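Each chain, written out:
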Amino acid sequence: MIATVIIWMAFAAALVSTYAYYQSATTRKMLVPLARRSFLFMAGGVVAVSVLLMMYILRHQFEYGYIWSYSSRDLPSHLLITTFWAGQEGSFLFWALCSTLIGIGLQRYTQRQKVEFEVMAVYGFVQAFLLLLLIVKSPFQYIWDAYPEQMAVGAIPADGKGLNPLLQNFWMIIHPPVLFVGFAAMEVPFCFAVAALWKKTFREWIPKALPWVLFGVLWLGAGIMIGGYWAYGVLGWGGWWGWDPVENSSLIPWITGVALLHTLVVQKLTGNLARTNFFLAILTFSLIVYSTFLTRSGVLGSASVHSFTDPGSFVYTLLVAWLLGVAGLGFGLLARRWTELKPLAGKVGMMTRESLISIMTAVLAASAIIIFFGTSWPIVGNSTVEPSFYDRMNLPIAIALAFVLGISLLVLWRQESAHGLMKRASFALGASGLVLLGLLLSGLDEWSMALLAFASLFAFFVNLTHGYRLSKQGWFMIGGPMAHIGLALLFLGIIGSGFYGQKETTSLTQGQPKEVLGYTLTYTGSQPTENGKWKFLVKADREGGSFLLEPVMFKSSYNDQIMRNPDYASFMTKDFYIEPVSVERATAGGHEHHAFDLSKGVATRIGDMSVTFVRFEMNQHGMEGMMGGASGFPVGAVLEVVRDGKKETVTAVTLYKEGQQPEVKPAVLKDGKTGFSMLSMNINPENKTSSIQVEVAGLDDHAEEAAGPEMLVIEASIKPFISLIWVAATLISIGLFLSIVSKVRTARLEAGIKNHREGDRGNGKSKPVQEKEFA
């Protein structure tokens, strides 16, 4: 109860702080101490409940429904900590914590910048909404209140349900926190933009907000790429980006944030794009809230593997209200000030850097619109958009973006620079042409991919040259070119790994070498791991060298599903990637029955048969005859059996009687010897999966022809230049970090010059101050 009380108090303090800051920004400056103390009180409350939740998790206090749902006693400490943000309730609290810690720094920052009252009033409004969500969706709800149909009041389970096996990974420690820091950081530019519209400081907010935009883009982008690396190395579907709607919902605000970053620089240097900047700052955070709505409202429950379940109608309504509140406040103020922003625009030529950045912004906007459409389609169309749609629509956008990225650095600010452009671009064009020729000779045969490769190489060489020139002024000056080089390499990596990869599904018989994609693969057997899983050892040989791959498969006790983790070997120009599919075992000898687990819709090899559990049959009237008219509730499992190319469909029925052992009726194939009996069933309503355990009799009659060694079914693939993806992500992150350092140094330099000049005026001096005095 104490945690719930603290959350309510923190929410009240956020409202008080918002009101007091609002009043301080208008007329009543005497409320400033109340505003500041209320915000810090709210911050203390959020930190306190975060500490309480972590303490309850580490102490296995399963009386709380959230802790019971996501943790268990067998989780190691590092994974136990991650259950803090594994579910809806905990992730809301963690977002509030990140927002709070950033808010404490923002409060001091805005005090120095003399914009505290208006900015913190808006920030308090956003924070209050987060805390309201936390009140409605609290991780401190008792288990008997959260699950009244399962738990009696006062009953405390001995153990929890545990963490989803897909989340039991090192990257769970890093990926969600980084992403949530990015979400929280993107609140700040929104608050600066709304405050500037409120106070009509249409240019002054730019240098103050720019470092925060860089910070938000850095963390949000890093979170997205870490998620991609996690998917590639652990989840086992063979890629790093699948255009999943929830993945997209984080990518869209990153794209608009990148556009905002560049247009802010334009306005700072030229005074243009004022309307665009306000629009993008408001839109970016609105998209963050929209991303939260998509992920946590349950609307994408069947369209995304990342989506949470339905949180309830009240939380759904609150998420919609938050989205409308943020968008309404921001865009409403922008509409009101629209005509006042018009005089800030000036005429510029086409071949100026600001014009080309404007074109680049329009290109990025087109990409964001396309991805937004595809991501939102499941809400209105009850279906998902195929990944090929995104690939096809974004290809010309990527080509245009890469060309503009290079050309924009070959022209000047505020000055028409078409004359001599080809001469300035000659080195980049020539180097790009030579490298492209090598790629064409190596097998690049699609004109669209060749055009994207040429544009990306052009951007690479232009930025490489530009970065070299800037490095002479200091290492911290190369952030922009480094990030642009990273983007160019990202496009090249996508061409190689996404469009020119090879894939083959095959069976590896234990002990027998087999040629797969130019490698000789030998399945040598399986071994248990320390955590109860099974790794399958595959030796790969090629050109005198060899390496061992150890993909993993195991049955999860969390959801009774077969989980698969891939393994891969990385080389300079490619990765060799193995994803396990299944293990097929031949049955031989003995007069015995054999038990097998069957997941719905998944074909399982049993002896010389392929058996698929199709569905449950709940038609009581139709199965009464099969059970001899016995009373009770019969449940049938419809099985599809394929043997020697012939298919049979049979139904194994189990009769459940109150207070008695279930009565089993085997389903016998036409041969009269092979029978299937359903021993147990498992239905998981949360992820809509089901499985059964069947006992198979009569396998020994086919043992002689079915006998044979174990076979591992795998999907092997070669991913050319996938390493460029990870190099690109690193360069983009480092480049953004260096840009932050550069902006902070510039701000300090400008502040030093200003203070020096003000000091000279106070002493009656008029000597001009050179910036190099403060370098």
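Fair warning: this is a prediction, and the values are worked out from it, not measured in the lab.

A. Fine view of the overall build of the chain. Regarding its fold elements, the chain presents 21 helices and 19 strands. Counting the 775 residues in the chain, one finds 53% classified as buried. A fraction of 68% describes how many contacts in the chain between residues 6 or more apart in sequence connect residues 24 or more apart. For the chain, the exposed surface amounts to about 35,300 Å²; the carbon and sulfur share of it is 60%.

B. Seen up close, the side chain of T284. Tracing the backbone shows T284 in helix α12 (residues 274-296). Here T284 falls in the buried class, since its relative accessible area comes to 1%. Setting aside residues up to four positions removed in sequence, T284 forms contacts with M186, P253, T256 and G257.

C. Layout of the packing of aromatic side chains. The full count for this structure, using the stated rule, is 56 aromatic pairs. Ring geometry for Y568 versus Y577: centroids 6.0 Å apart, planes at 15°, classification stacked. Over the face of the ring belonging to W198 we find K199, whose NZ or CZ atom lies 5.3 Å from the ring centre. The ring of Y519 has R542 lying over it, and the distance from NZ or CZ to the ring centre is 4.9 Å.

D. Quick peek at the side chain of S739. Tracing the sequence through the fold places S739 in helix α21 (residues 723-762). Using a relative accessible area of 13% as the deciding quantity, one classes S739 as buried.

E. Inspection of unusual backbone geometry at higher detail. You will see that K114, though not glycine, has its phi angle at about 65°, which is positive. For K114, the position within the fold is in the loop between α5 (88-113) and α6 (116-136). A positive phi angle, close to 55°, is found at L517, a residue other than glycine. Turning to its location among the elements, L517 is positioned in the loop between β2 (514-516) and β3 (519-528). A residue is classified by how much of its surface remains accessible, and L517, at 17% relative accessible area, is buried.

F. Layout of the environment of V181. Note on placement: V181 falls in helix α8 (residues 175-185). Distance in space between the C-alpha atoms of V181 and S99 is 7.5 Å, their sequence separation being 82 residues. Ignoring any residue separated from it by four or fewer positions in sequence, one finds V181 in contact with C98, I102, F215 and W219.

G. Up close: helix α14 (residues 353-381). Relative to the 42 Å expected for 29 residues at 1.5 Å per residue, α14 spans 41 Å between its end C-alpha atoms, a close match to the ideal helical length. At T375, α14 shows its largest kink, close to 35°, and the proline P378 lies no more than four residues downstream.

H. Looking closely at the nonpolar core. With 188 residues, the main nonpolar core has F140, F192, W205 and W322 as its most contacted residues. Here the element with the most residues in this core is helix α10 (residues 205-235); it accounts for 15 residues. Setting aside residues up to four positions removed in sequence, F192 forms contacts with L106, Y109, T110, V115, V119, W205, K208, A209 and W212. In this structure, F616, A637, L639 and I692 belong to the second largest nonpolar core, which totals 20 residues.

I. Region of interest: the sheet that holds strand β8 (residues 567-570). Overall, antiparallel pairing links the four strands, which are arranged β1-β19-β9-β8 in an open sheet. Two strands bound the open sheet, and with one partner strand each, they are β1 (502-509) and β8. In this sheet, neighbouring strand axes are inclined to one another by 20° on average, regardless of whether the strands run parallel or antiparallel. In the sheet, β1 pairs with strand β19 (residues 711-720) via eight bridges, with the strands oriented antiparallel. Across the sheet, E504 pairs through a bridge with A716, a residue of β19.

J. Spatial organisation of the environment of I562. Topologically, I562 is positioned in strand β7 (residues 562-565). On a C-alpha basis, the gap between I562 and S599 in space is 8.4 Å, while along the polypeptide they are 37 residues apart. Each residue touching I562, except ones within four places of it in the same chain, is listed here: F554 and K555.

K. Molecular detail of the packing of α5 against helix α9 (residues 187-199). One way to put it is that α5 packs onto α9 with a least axis distance of 11 Å and a crossing angle of 45°. As judged from the angle between their axes, α5 and α9 are oblique. In the crossing of α5 with α9, the sense of the turn from one axis to the other is right-handed. Seen from α5, the contacting residues are W95, S99, I102, L106, Y109 and T110; seen from α9, they are E187, V188 and F192.

The rules we used
The numbers attached to residues start from 1 for each chain and follow its sequence in the written order. Residues qualify for local features only when their pLDDT is at least 70, as the model is predicted, and side-chain atom pairs are given and counted only at 80 or more; totals for whole chains, interfaces and linings, by contrast, use all residues. Side-chain numbers come from the whole structure's heavy atoms, not from hydrogens or water. Segments assigned H or I by DSSP are reported as helices when at least four residues long, segments assigned E as strands when at least two residues long, and all are numbered from the N terminus. With a 1.4 Å probe rolled over the protein chains alone, any residue whose accessible area is under 20% of its type maximum counts as buried; one over 50% counts as exposed, and the rest are partly exposed. Residue contacts are counted whenever heavy atoms from the two residues lie within 4.5 Å of one another. Exposure was quantified through the Shrake-Rupley algorithm and a 1.4 Å probe, taking into account, for residues, occlusion by the shown protein chains and nothing else. What counts as a ring pair is set by centres within 6.5 Å for rings of Phe, Tyr and Trp (its six-membered ring), and what kind of pair is set by the plane angle: stacked under 30 degrees, edge-to-face over 60, tilted for all other angles. Counted as over-ring charges are cases with an Arg CZ or a Lys NZ within 6 Å of the ring centre that also lie within 35 degrees of the ring normal. Any helix carries an expected span of 1.5 Å times its number of residues minus one. What we call the bend at a residue is the angle made by axes fitted to the seven residues finishing there and the seven residues starting there. Take the buried residues of types Ala, Val, Leu, Ile, Met, Phe, Trp, Tyr and Cys, join any two whose side-chain atoms come within 4.5 Å, and each joined set is a nonpolar core. Strands pair, by our definition, only if DSSP identifies at least two bridges between them. Each axis is a line fitted through C-alpha atoms, and for a helix only the stretch in contact is used; angles between axes span 0 to 180 degrees, taken between their N-to-C directions. Angles are sorted into four bins: roughly parallel if under 35 degrees, roughly antiparallel if over 145, roughly perpendicular if 65 to 115, and oblique for all others. Here a crossing is called left-handed whenever its near helix is offset anticlockwise from the far helix by less than a right angle, and right-handed whenever the offset is clockwise.

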